[in-house]
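Fold and geometry: a report
Each chain, written out:
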Amino acid sequence: MSGILSMILAGGEGTRLAPLTSVRAKPAVPFGGNYRIIDFVLNNFVNSDLLQIFVLTQFKSHSLMKHMSRRWRVTGLTNRFIDPIPAQMQMGKHWYQGTADAIYQNIELIEGMDPEVVCVFGGDHIYKMDVRQMVEFHRSFDDAKLTVAAIPVHISQADQFGIIEIDENNKMIGFQEKPKKDPKTIPGRPDYVLASMGNYVFDAPTMVQCLKEDAESSDSVHDFGHNIIPDLYKAGVVYVYDFSTNVIRGELEHTSGYWRDVGTLDSLYEANMDLLAVEPPFDLYNKHWPLRSYHPAVPPAKFVHDEANRTGQAISSIVSGGCIISGSIVHRSILGYNCHVHSHAYVDNCVMMGNNDIGRGCRIRRAIIDKNVNIAPGTVIGEDPEHDRQRFHVSPNGIITVPKGAQIGFE
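For the structure given in this document, a descriptive report is provided here. (Residues numbered from 1 in each chain as written. Predicted model: local features only at pLDDT ≥ 70, side-chain atom pairs only at ≥ 80, totals over all residues. Heavy atoms only, no water.)

1. Regarding the overall build of the protein
Operational definition: Think of it this way: any DSSP run of H or I at least four residues long counts as a helix, any run of E at least two long counts as a strand, and we number them from the N terminus. Computation of the radius of gyration draws on C-alpha atoms, with the globule rule given as 2.2 Å multiplied by the number of residues to the power 0.38. Throughout, exposure labels follow a simple rule: accessible area from a 1.4 Å probe, protein chains only, divided by the maximum for the residue type, with under 20% read as buried, over 50% as exposed, and the rest as partly exposed. All accessibility values rest on the Shrake-Rupley procedure with a 1.4 Å probe; residue burial counts only the protein chains present in the view. A positive count includes Lys and Arg, and a negative count includes Asp and Glu. His and the chain ends are not counted in either. Charged groups are reduced to one reference atom each: NZ for lysine, CZ for arginine, CG for aspartic acid, CD for glutamic acid.
Within the protein, the secondary structure is distributed over 9 helices and 32 strands. The C-alpha atoms of the protein give a radius of gyration of 22 Å, which matches the 22 Å a tight globule of 411 residues would have. Among the 411 residues that make up the protein, the fraction classed as buried is 53%. Of the roughly 18,200 Å² of accessible surface on the protein, 47% is carried by carbon and sulfur atoms. For the protein, the separation between the mean place of its 38 positive charges and that of its 47 negative charges on side chains is 8 Å.

See the structure below:
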């Protein structure tokens, strides 16, 4: 596994996750109680023992950089690093103009390392992957210049992904970037298409050459999906890695191939809810695949009061450290650090991101509560759709989002 450099694209603005991204980059959005979205791709590389990693940041990066400095520092080990790289405008006074341009603007990092292979992965998906297996697949073909990871998705989602065609040898023979109509379906599975995950393994010299040529093209949008992949696959040097074949020790069979693009409020909410199943499709508890993150110095969670109609309890829920469930009921919900749910409150099917105070007698349903939100006693959220729309952002599926730092119900 020598000669492998990894570059994680973590600069996404995440406009579809607003208001959660009004103060932070998409990869810095909290997830699953204890984590940030960026943690999952970083854990994939660390658990794969690939520790030469550049993380490219851009929009509203302070929260992300702060998180990485607290948890993702590698010190004292020669040639091992996880370095956040802010947008430096090395090639002119402009932000990254596309995924390919983001790598091109940092091309001196690649040339300085002189790797054999470069892994380019997105920083905003929820999944587990032993990246070494994908690199080994790439190296198994003498003529491979690029390998793209792919999964089947329903045809209704085809316009959200790059859609791939392959031959019997897993070589790419067709590619459509987010087709609006008539996407190429998987042979024998007319309701599914083969979608790019946005994870790439490049032959390093080929990537450098392609990026330099692309940068000089005035017709390019400087994006891997729009420009780099179409040019390379036509030369017959692009292969496709079937993500469902990736094996993680300790994972149950039904969890194989789990991957979620949490780019909308509804998809983020649903991926959080996936964690609450008895046998979740994404398992946080696999001891063979530890999921690291920053853990603040907080006490254990506490459940207090055991009286008639006033018993502190959490049912089918995840409750993080520092939480106090005080004579209230938490049902099918995820609570981040330092949440206090006061007596006679009822929290149902919610995602609370941390440092939240839910007042006495509140009723809250199907909501995402961002950090540092205080909700006054007796407040009701999630029972009157019209009233909720007047006060909050409501997703197409009816998920209410309360923005960071909001004070709800106080005069």
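2. Examining the pairing of strand S6 (residues 117-122)
Put simply, the rule is: A strand pair is defined by DSSP finding two or more bridges across the two strands.
Among the 6 residues of S6, 6 are classified as buried, and the element is accordingly described as predominantly covered. Alternating positions in S6 separate into two faces, Val 117, Cys 119 and Phe 121 on one and Val 118, Val 120 and Gly 122 on the other, with burial throughout. Bridge count between strand S1 (residues 4-9) and S6: 6 bridges; the pairing is parallel. Bridge pairing in S6 places Ser 6 opposite Cys 119. Relative to strand S11 (residues 192-203), S6 runs antiparallel, the two being bridged by 4 bridges. Pairing of Val 118 across the sheet is with Phe 202, part of S11.

3. Comments concerning the sheet that holds strand S27 (residues 367-369)
Pairing is mixed across the open sheet formed by 6 strands, whose spatial order is S18-S21-S24-S27-S31-S30. In this open sheet, the two strands that pair with only one neighbour each are strand S18 (318-319) and strand S30 (393-394).

4. Comments concerning the environment of His 387
Here His 387 is to be found in helix H9 (residues 385-391). Put simply, His 387 and Gly 98 are 289 residues apart on the chain and 40 Å apart in space, counted from C-alpha to C-alpha.

5. A few points about the pattern of salt bridges
Stated formally: The working definition used for a salt bridge is a side-chain nitrogen of Lys or Arg within 4 Å of a carboxyl oxygen of Asp or Glu.
Following the criterion strictly, the structure yields 15 salt bridges and no others. One salt bridge in this structure joins Asp 49 and Arg 80, with 3.1 Å as the shortest N-O distance. Pair noted here: Asp 49 is in the loop between helix H1 (38-47) and strand S4 (52-56) and Arg 80 is in the loop between helix H2 (62-71) and strand S5 (81-85), with a separation of 31 residues, a long-range link. Using a relative accessible area of 39% as the deciding quantity, one classes Asp 49 as partly exposed. With a shortest N-O distance of 3.1 Å, Glu 116 and Arg 139 are connected by a salt bridge. Of the two residues, Glu 116 sits in the loop between helix H4 (107-113) and S6 while Arg 139 sits in helix H5 (residues 131-139), which places them 23 residues apart along the sequence. A single salt-bridge network, built from bridges that share partners, covers Lys 26, Asp 124 and Asp 261.

6. Here's the deal with the sheet that holds strand S22 (residues 340-341)
Within the open sheet, the 6 strands sit side by side as S14-S19-S22-S25-S28-S32. Their pairing is parallel. Two strands close off the open sheet at either side, each with one partner strand: strand S14 (302-304) and strand S32 (407-408). The pairing of strand S28 (residues 374-375) with S32 spans 2 bridges and is classified as parallel. For Ile 375, the partnering residue across the bridge sits in S32 and is Ile 408.

7. Details of the side chain of Asp 124
The cut-off we apply is this: Distance and chemistry together define a polar contact, namely a pair of N or O atoms within 3.5 Å, with one atom able to donate a hydrogen and the other to accept it when in protein, and with adjacent residues in sequence counting only for side-chain atoms on both sides. Contacts are residue-level and defined by heavy atoms, with any inter-residue pair within 4.5 Å sufficient.
Its place among the elements puts Asp 124 in the loop between S6 and strand S7 (125-127). At a separation of 3.4 Å, a polar atom in the side chain of Asp 124 contacts the side chain of Lys 26. A polar contact is formed between the side chain of Asp 124 and the side chain of His 125, at a distance of 3.5 Å. Those residues in contact with Asp 124 that lie beyond four places of it in its chain are Lys 26, Ile 37, Asp 261 and Val 262.

8. Some remarks on the packing of aromatic side chains
Inclusion rule: Here a pair means two rings of Phe, Tyr or Trp (six-membered ring of Trp) with centres within 6.5 Å. Their orientation is stacked below 30 degrees between planes, edge-to-face above 60, and tilted elsewhere. For a Lys NZ or an Arg CZ to count as sitting over a ring, it must be within 6 Å of the ring centre and within 35 degrees of the ring normal.
Under the criterion given, the structure shown has 14 aromatic pairs. Pairing Phe 45 with Phe 121 gives two aromatic rings, centres 4.9 Å apart and planes at 70 degrees, and the pair type is edge-to-face. Placement of Phe 45 in helix H1 and of Phe 121 in strand S6 is noted, with a sequence separation of 76 residues between them. One aromatic cluster is present, formed by Phe 31, Tyr 35, Phe 40, Tyr 258 and Phe 282 through successive ring pairs. Geometry around Trp 72 places Arg 71 over its ring, the cationic atom sitting 5.4 Å from the centre. Its guanidinium or amino end placed over the ring of Tyr 192, Arg 189 lies 4.7 Å from that ring's centre, counting from NZ or CZ.

9. Brief notes about helix H8 (residues 265-274)
Within H8, 8 of the 10 residues are buried, leaving the element largely enclosed by the surrounding structure. Taken as a whole, H8 has its buried residues at Leu 265, Asp 266, Ser 267, Leu 268, Tyr 269, Ala 271, Asn 272 and Met 273.

10. What about the environment of Pro 115?
On the secondary structure map, Pro 115 appears in the loop between H4 and S6. Take Pro 115: its relative accessible area is 12%, and that puts it in the buried class. For Pro 115 and Pro 280, which are 165 residues apart along the polypeptide, the C-alpha to C-alpha distance reads 38 Å. Those residues in contact with Pro 115, other than ones at most four positions away along the chain, are Gly 3, Leu 5, Ile 110 and Ala 204.

11. Description of the pairing of strand S8 (residues 146-154)
Successive residues of a regular strand alternate their side chains across the two faces of the sheet. Burial analysis of S8 places 7 of its 9 residues in the buried class, the great majority of the element. Strand direction decides the pairing type here: S8 and S11, joined by 8 bridges, are antiparallel. Considered in S11, the bridge of His 154 is made with Tyr 192. Pairing between S8 and strand S12 (residues 238-242): 5 bridges, direction parallel. Paired with Thr 147 across the two strands is Tyr 239, which belongs to S12.

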